[in-house]
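Letter by letter, the chains look like this.
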Amino acid sequence: MTANLYEERGTGGGRRLRRALPALVAAAFVLLHVFGYPATRFSNDSYRYTREAYEFLGDAPREATRKAVAAYCADTARLVHRNRMLHQLAFRAPGREAEYARRCEQRYANGLEPTDPRYEKIFHTRPGYPLIAAPFVALLGAKAGLTLVALAFATLTGHLVYLLLRALRAPPATAVLGQVLAYVTPLASWGGRPLTEGPTLALLTALLVASVWLLQGRTRRQVLEFPDGGPGAGGRGVRRPALRPPPAPGTAAPGGWPACPRVAWRSRWA
């Protein structure tokens, strides 16, 4: 009896571990990105999302541009400092990051190039990401706020991949492996940067999961339409999907299903 009790406890512990494994994988992904955060580049596109976030926070366009340029120049100066410290000869040279940031702000006082209205319109049609990131930009700063939102969506993408594989009846170990592969691809690496790749990946993966759930729900409904196995099953309770061709009148095959030739048919949703 004691042996059975320990076996049950071990089985319960293993079950809990399997349930927690997707969350542990997601936590490891976030932790790796936290360590790699200093090397994350605040790009030209990040500057434009920052400017829109500040506009959502109530700043005038010119003030929002000034703050976004300051964030871009400060991050670029930090990157220059980091590269200098990693250089085998120049790391002893005096730092000039403050001067670099000042000259950068003077150079881009009117905003980063290109300033073509047609190019700017590309980012004006993407208000969702800066709108969600605006509160975090106000609390954490431009780069940290944008990165936090993008990383959260990238992490959600891996979990959605896990749900997608489980919905396709993959074993739990295979689903976790798919989640790991989603995290180690360049897509997830870009998804954790202050860009829209993370939200886009999450939304596309959510669309795939929803499509699978929708198709599976439709199949279940069609099964329930004939709970006794369909016409000709004799009421024996055999649950078969209602996806078979229409029976030919007057014929019957072994097992109760009417025999009929294979015919091409189209779905009701086609």
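All figures in this text were calculated on a predicted structure; none of them were measured in a lab.

Observations concerning the packing of aromatic side chains
Consideration 1: Enumeration according to the criterion identifies five aromatic pairs in this entry.
Consideration 2: Arranged with centres 4.2 Å apart and planes meeting at 10°, the rings of Phe-29 and Tyr-183 form a pair that is stacked. Here Phe-29 is found in helix 1 (residues 2-35), whereas its partner Tyr-183 is found in helix 8 (residues 172-184), with 154 residues between them in sequence. Of the two residues examined, Phe-29 and Tyr-183, each falls in the buried class.
Consideration 3: Note on Tyr-119 and Phe-123: the rings are 5.4 Å apart at their centroids and 65° apart in plane angle, and the pair reads as edge-to-face. Residue Tyr-119 and its partner Phe-123 are both found in helix 5 (residues 117-124); the two are separated by four residues, about one turn of the helix.
Consideration 4: Of the residues examined, Tyr-119 reaches a relative accessible area of 27% and is grouped as partly exposed.
Consideration 5: Linked through ring pairs, Tyr-49, Tyr-119, Phe-123 and Tyr-129 together constitute an aromatic cluster.
Consideration 6: Sitting over the ring of Tyr-37, Lys-143 keeps its end group 4.7 Å from the ring centre.

About the thresholds
- Residues numbered from 1 in each chain as written.
- Predicted model: local features only at pLDDT ≥ 70, side-chain atom pairs only at ≥ 80, totals over all residues.
- Heavy atoms only, no water.
- Phe/Tyr/Trp six-rings, centres within 6.5 Å; stacked < 30°, edge-to-face > 60°.
- Helix = DSSP H or I, 4+ residues; strand = E, 2+ residues; numbered from the N terminus.
- Buried < 20%, exposed > 50% of the residue type's maximum accessible area, 1.4 Å probe, protein only.
- Lys NZ or Arg CZ within 6 Å of the ring centre and 35° of its normal.

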